[in-house]
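Below are the chains, spelled out letter by letter.
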Amino acid sequence: MADQDTMVIEDIITDAMAAPSPAKSIGDPGITPLSPTHIMKDAEQNEPAGHSFVVVVAIDFGTTSSGYAYAFTKEPECIHTMRRWEGGDPGVSNQKTPTTILLTPEKKFHSFGYAARDFYHDLDPTESKQWLYLEKFKMKLHTTANLSIDTDLHAANGKRVKALDIFAYALAFFKEQALKELSDQAGAEFDNADVRWVITVPAIWKMPAKQFMREAAYKAGLATRDTPDQLIIALEPEAASIYCRKLRLHQMIDLGAKTSINGYGPPENVGAGMAQGDRYVVMDCGGGTVDLTVHQIRMPEGHLKELYKASGGPYGSIGVDYEFEKLLCKIFGQDFIDQFKVKRPAAWVDLMIAFESRKRAAAPDRTNPLNINLPFSFIDYYKKFRGHSVEHALRKSNVDFVKWSSQGMLRMNPDAMNALFKPTIDHIIQHLKELFERPEVTDIKFLFLVGGFAESPLLQKAVQEMLQGRSRIIIPHDVGLTILKGAVLFGLDPGVIKVRRSPLTYGVGVLNRFVEGKHPPEKMLVKDGTRWCTDVFDTFIAVDQSVALGETVKRSYTPARPSQQVIVIHVYCSEKESVGFISDPGVRKCGTLRLDVSGTESPAARREIQTLMQFGDTEIRAMAIDVATSRSVKASIDFLSQ
């Protein structure tokens, strides 16, 4: 491999020297690479010396519930979680609020969380059709293939709204709540400029989704394009990891300890003392996604090193809701359910809330049935729609274990409830199995289960059965707030995770000298008598490659014409480790690197723009300088499709 590397580099260097006329590669406005220097460390560029913030506020923007927490930089040990919300649900702790948003018929922001839900619920059915109510919309950023600033979302009444507006409204709501709480505490108006904001996203999100979140935060006024460092995007399982490694005995439950009542074991067995070199997995089970990271702790400072790239998938607890919806379709007919959701959107929301509280009561050893209240308008509308009763539908549907109770409820046998969990839990366990089979993932001392779905006894039992004592399974007490608290710690010290793994292979297309026998003839391009090979993939970083914080990849580019104002370079990515050409299968264009070279006209015959890219952070960054004048060039890397 090393020989090949040097060969390619020599190729490029000799080309650059020999050919002052930059040739055009397909799709790229004439870049000839100058000398690529391979990755080198720039330790001093780690933390830009900038504004010192008074407080760090983290927002955990979840698929099903959201919240914020904060700590003052002067007392970093003291993490405050937000004030209690009004209008919580029975049986659900209200440190967080549902991720639900209500807009007026004119598409203006009205309310968020419990307030949005309650107001929507109290609207007259004729009115509620006009109002726009959205929930569980975060998943759209994960599932949309070509995410852009213009991506739409659908409200409960079927109307479309811009996703960017919804995310910005939600973030602005949290900004306002947090600043209000901080102002009340300080006894004076608290200035946004003194806040460093942290927003959490799943680690398995691709760059476009992370960038979308940043754009929404700019729109909400958390930070500006000129002060990007005021906002940090944190990865959910990383935040959880930072919190978990500091856990004390009394703050967690060890599932493996000879459990006495409800999972609390004798405390003397628990000591999850983290030692130098310990390896552990954090499994973040949320509403939308399940996200796994593998970390190793490095003493004495307790820095973390990622051992394998983040993995997971859309296996969050809303998968269970989806199975419940499928069950209802099986009993009452898809046509009725589709119609009911649009015609009685508020009642549909009520039904899902009723299901949610019973979902939390599901457990492996449960024997008594679970009753789910059907809203009156469901029963009424069904009779009008079908001409017979809900009771009749249940009797004639051949769905096992679901009956009609005389109190007017759906009565689910525990087996029926457990069956709703099965597809989602099977996915999670399959993923965990595959992860533990990887050579990088050996000697795992602890598995931390975090996120709201981690509270599910069914999931806990499945994980225990799969691991069979290979690692100790630890559940923090305030499992739903783990990410929030960890995100605050991350905002106070973003340098704590020193080494990450690249989730993808990134690179650009370049021209190399054509070598007979090595390069395919169809890639040959002759320009001014010189034979070039087009579409060669110049790798910046390979998938699962370790990359340290602050490490940079350097490349030099030159404008095709002296008068050129902007150099636009397409960035490609692939899940494969070694890529030969940008036209290889599985390689896709995923972003653009823009170098604004206007106003830097230089006397040099051939301008060289040196670009530095950082892949060791939660987001990819680019910087550039004009070598002749040492002036910095505005560089930006954009992953949202235009």
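Scroll up to find the structure.
Residues numbered from 1 in each chain as written. Predicted model: local features only at pLDDT ≥ 70, side-chain atom pairs only at ≥ 80, totals over all residues. Heavy atoms only, no water.

1. Some thoughts on the sheet that holds strand 15 (residues 290-298)
The eight strands are arranged 13-21-20-14-15-16-22-26 in an open sheet whose pairing can be described as mixed. Looking at strand neighbours, the two that pair on one side only are strand 13 (252-254) and strand 26 (546-548), the edges of this open sheet. Between one strand and the next, the sheet's axes are offset by a mean angle of 25 degrees, whatever the strand orientation. Across the sheet, helix 13 (residues 414-436) is in contact with strand 14 (279-285), strand 15, strand 16 (303-313) and strand 20 (444-450); its angle to strand 15 comes to roughly 30 degrees. (Pairing = 2+ DSSP bridges. Helix = DSSP H or I, 4+ residues; strand = E, 2+ residues; numbered from the N terminus. Axes fitted to C-alpha atoms, helices over the stretch in contact; angles between N-to-C directions. Contact = heavy atoms within 4.5 Å.)

2. Points about the pattern of salt bridges
Across all of its chains, the model carries 28 salt bridges by this definition. When the shortest N-O distance is used, the salt bridge between E236 and K138 registers 2.9 Å. With E236 in helix 7 (residues 236-244) and K138 in the loop between strand 8 (132-135) and helix 4 (139-143), this pair connects stretches of sequence that are 98 residues apart. Put simply, K162 and D152 hold a salt bridge, and the shortest N to O gap is 3.2 Å. A residue pair is termed long-range when its members are at least 10 positions apart, and K162 in strand 10 (residues 160-162) and D152 in strand 9 (residues 152-154) qualify at ten residues. Of the residues examined, D152 reaches a relative accessible area of 17% and is grouped as buried. Members of the salt-bridge network, linked through shared partners, are K136, D321, E356, K359 and R360. (Salt bridge = Lys/Arg side-chain N within 4 Å of Asp/Glu carboxyl O. Buried < 20%, exposed > 50% of the residue type's maximum accessible area, 1.4 Å probe, protein only.)

3. Quick look at the sheet that holds strand 8
Taken in spatial order, the three strands make up an open sheet running 7-6-8, and their pairing is antiparallel. With one partner strand each, in any of the chains shown, strand 7 (109-112) and strand 8 form the two edges of the open sheet. Each neighbouring strand pair of the sheet contributes to a mean axis angle of 20 degrees, computed without reference to strand direction. Taken together, the three bridges between strand 6 (residues 100-103) and strand 7 define a ladder with antiparallel strand orientation. The residue of strand 7 that forms the bridge with L102 is S111.

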